[in-house]
Amino acid sequence: MEPDAPFGVCGSVSLPPSSIPEPPRDLASLPRPAGVLRWLTAAVLLLVLAGSSAMAVGLRRDAAFALRTGKPDDIGQLEHLRPGPELANQWVRAEAKLSPGSVDYRRPFEAAVFRLFPVASGAPVFVQVQVPEGGEFVMPSSFVGRLVPLEQLGIYHQGLKAALASRFGSAENAWVLLDGDAPSSQRWALGLALLCLSFSAFSLLSFIALFWPSVPTSHEQRETQEA
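Residue positions are counted from 1 within each chain, in the order its sequence is given. Thresholds applied to this predicted model are a pLDDT of at least 70 for local features of residues and 80 or more for the giving and counting of side-chain atom pairs; totals over whole chains, interfaces and linings are not thresholded and use all residues. Neither water nor hydrogens contribute to the side-chain values; these are computed over all heavy atoms in the structure.

A. Quick look at the packing of aromatic side chains. Classification of ring pairs uses Phe, Tyr and Trp, with its six-membered ring standing for Trp, and accepts pairs whose centres are within 6.5 Å; under 30 degrees between planes counts as stacked, over 60 as edge-to-face, and the remaining range as tilted. Applying the stated criterion across every chain, the model contains four aromatic pairs. Ring centres of Phe-117 and Phe-137 lie 5.8 Å apart, and the angle between their planes is 10°; on these two criteria the pair is classed as stacked. Linking Phe-117 in strand E4 (residues 113-118) with Phe-137 in the loop between strand E5 (125-131) and strand E6 (142-149), this pair joins segments that are 20 residues apart in sequence. Partly exposed residues are those whose accessible area sits between 20% and 50% of the maximum for their type, while under 20% is buried and over 50% is exposed, using a 1.4 Å probe and protein chains only. Judged by its relative accessible area of 2%, Phe-117 falls in the buried class. Cluster of aromatic residues (ring-pair linked, three or more members): Trp-39, Phe-207 and Phe-211. Its end group placed over the ring of Phe-137, Arg-115 keeps NZ or CZ at 5.1 Å from the ring centre. A cation over a ring is seen here: Arg-146 above Phe-65, with NZ or CZ 5.1 Å from the ring centre. Here a strand is any run of E in DSSP of at least two residues, a helix any run of H or I of at least four, and the numbering for each starts at the N terminus. Either the NZ atom of lysine or the CZ atom of arginine qualifies as a charge over a ring when it sits within 6 Å of the ring centre and within 35 degrees of the ring normal.

This is the structure:
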């Protein structure tokens, strides 16, 4: 009499063939979003693109000034200065006698008060100085800062031209020496401009990808292509 075959649980149970799950489809094969959602996404991307591009353009001169190296250029007395395009957005050292009339204002995100004086000789040059807190203001006579045409002042000086015209009657072809502004103090503008450019590039690429034609590819077709 032959001994009974050993009873095995695994041997008596037939397992179904193992099924390997299909790998997740890549982004190119995913279905496109619904029409309304798609156009809403496109509108948001365009708004981000327009806003970040406009901000980067508005900061271009501040960012360029932040890249200046070396020492400030000595331009002498402001009373005799007739600035030209070669001095625009330059870091300079100058001396001047200022008139007593002034315009006080604040810059965005800063608690300091700034005062803008015209040069005493009547030259089309104004000088911005910072008013000290809790102390007596002494009229300075030497300055180191950024020389820029009034028309090219950035977002920190919105409305300043109208204030100068209201105070002094005219501000056409005027220049402003921003005392205390150095390239190192404007590095924030360079970083913000680069951030805005990155947002612009991301929005543009995302907008293109949103409408870029794509043909869905099945898993079997991908395996054939890879083979």
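B. Molecular detail of the nonpolar core. Put simply, buried Ala, Val, Leu, Ile, Met, Phe, Trp, Tyr and Cys residues joined by side-chain atoms within 4.5 Å make one nonpolar core. Ranked by internal contacts, the top residues of the largest apolar core, which has 18 residues, are Ile-75, Leu-78, Leu-98, Val-127, Phe-143, Leu-147 and Leu-177. When contributions to this core are tallied by element, the ones reaching two or more residues are strand E2 (90-95), E5, E6 and strand E7 (175-179). Counting residues per element, this core draws most heavily on E5, which supplies three residues. Apart from residues lying up to four places away in sequence, Leu-98 is in contact with Phe-117, Pro-118, Val-119, Ala-120, Val-127, Met-139, Pro-140 and Phe-143. Membership of the second largest hydrophobic core comes to 15 residues, among which are Tyr-105, Val-148, Leu-164 and Ala-171. Between two residues, a contact is recorded if the distance between any of their heavy atoms is within 4.5 Å.

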